[in-house]
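One-letter residues, chain by chain:
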Amino acid sequence: MKKLFLPFLLLIATASAAQSDSLTVVSAKWETKKIVKGVSWKSYLFKGNLFGSNQSINILEVRRNSKVTFAFGYDAKELKLTSDFGKGAAALAALNGTFFDIKNGGSVDYLKVNGQLIHKNRLQKDSTRAVHQKAAILLDGKQLKIEKWNGDPAWENALTSKDIMLSGPLLILNRQLESVDSSAFTYTRHPRTAIVVTNTDRVLLITVDGRDPNAAGMSLIELRKILKWLDAKDAINLDGGGSTTLWISNQPDNGVVN
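Residues numbered from 1 in each chain as written. Predicted model: local features only at pLDDT ≥ 70, side-chain atom pairs only at ≥ 80, totals over all residues. Heavy atoms only, no water.

Draft legend 1. Just the sheet that holds strand β2 (residues 39-50), in detail. Across the sheet, 8 strands lie side by side as β1-β2-β3-β13-β12-β14-β10-β11; this open sheet has antiparallel pairing. The sheet is open, and its two borders are formed by β1 (31-36) and β11 (176-177), each paired with just one other strand. Docked against the sheet, helix α5 (residues 220-229) engages β2, β3 (53-62), β10 (170-173), β11, β12 (192-198), β13 (203-208) and β14 (232-238), running at close to 30 degrees with respect to β10. (Pairing = 2+ DSSP bridges. Helix = DSSP H or I, 4+ residues; strand = E, 2+ residues; numbered from the N terminus. Contact = heavy atoms within 4.5 Å. Axes fitted to C-alpha atoms, helices over the stretch in contact; angles between N-to-C directions.)

Draft legend 2. α5, seen in detail. Within α5, 7 of the 10 residues are buried, which leaves it mostly tucked inside the rest of the structure. Inspection of α5 places L220, I221, E222, L223, R224, I226 and L227 among the buried residues, and these make up the whole buried set. Phi for D231, located one or two positions after α5, is positive at around 75 degrees. (Buried < 20%, exposed > 50% of the residue type's maximum accessible area, 1.4 Å probe, protein only.)

Draft legend 3. Broad picture of the sheet that holds strand β7 (residues 135-140). With respect to topology, 5 strands assemble into an open sheet ordered β6-β5-β9-β7-β8, the strand pairing being antiparallel. Each end of this open sheet is capped by a strand with a single partner; those strands are β6 (116-119) and β8 (143-148). Between one strand and the next, the sheet's axes are offset by a mean angle of 25 degrees, whatever the strand orientation.

Draft legend 4. Region of interest: the pattern of salt bridges. Under the definition given, this model contains 9 salt bridges. The shortest N-O distance in the salt bridge between E61 and R63 comes to 3.8 Å. For R63, a relative accessible area of 35% translates into the label partly exposed. Salt bridges sharing common partners tie together K42, E61, R63 and R202. (Salt bridge = Lys/Arg side-chain N within 4 Å of Asp/Glu carboxyl O.)

Draft legend 5. Unusual backbone geometry, seen in detail. The residue after G168, namely P169, is reached through a cis peptide bond having omega 5 degrees. Turning to its location among the elements, P169 is positioned in the loop between β9 (163-167) and β10. The phi dihedral of D253 is positive, around 55 degrees, even though this residue is not glycine. Within the secondary structure, D253 sits in the segment after β15 (246-248). Residue D253 is classed as exposed on the basis of its relative accessible area, which comes to 66%. In this model, N254 sits at a positive phi of 65 degrees, which is unusual for a non-glycine residue. Along the chain, the position of N254 falls in the segment after β15.

Draft legend 6. The pairing of β8, seen in detail. Examined bridge by bridge, β7 and β8 share 6 bridges and lie antiparallel to one another. The residue bridging L138 from the neighbouring strand is K145, located in β8. Taking the residues that link successive antiparallel strands as the turn, the β7-β8 hairpin has 2 residues, and the phi of G141 there is positive, at about 65 degrees.

Draft legend 7. Expanded view of the nonpolar core. L60, I137, L144, I195 and I236 are the most contacted members of the largest nonpolar core, which totals 29 residues. Among the elements that line this core, the one with the most residues is β7, at 3 residues. Apart from the residues within four sequence positions on either side, L60 is in contact with I35, V39, S40, W41, A93, V203, L204, L205, L246 and I248. (Core = buried A, V, L, I, M, F, W, Y, C linked by side-chain atoms within 4.5 Å.)

By themselves these figures say nothing about function.
Structural data, given as structure tokens:
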């Protein structure tokens, strides 16, 4: 009886904590600002009450019926800030993208823009893919889709979209949680960036701040929970850490809102 009792208490405590965190997120009175018709910026600072920590989350929500189109900004070699990409393209907003070569610039993951191949995957030393090369964001004007690698080495070459960016890991697909590995990258709290397609076909561009007394950052397990509670149908992790940036035109602090 004692052997069954203690795990039962632990399970109840875990379930109660998860339920409390989900209610904290969905019931939060998010500060909301309209950017243009169909696009809004939401932010909230959770003060010690989300995963037992301070958390700062920013969301740019794009509604299906908006006139906004999506595009990839890139430079094949030069290292540039997300804000500079946004300003240079006269964009409404910009979010940091996939993983890049910190020393030499350019993406280490497959990138195709307007039908032109910009970068191929840089495979690992054992010739296998990194976890951030096992999912893709596909763009087609107003449409943004998230796809999963099917195991074929030439998978991305067979995708028909003219604009493709690989990233990852994939966190949610078709409303189901995707498995993640047990690496420190997964379980350590960091600033995070993600894109979500919701069950109502809205696109959410999300940043989670970290490495700050007011923002602990999240593990991928915690991030995946947040995205699920935000009604994700599909969700993908992008490059995070110090790259985590949501820039919105005509906002204070040079447009960087996180």
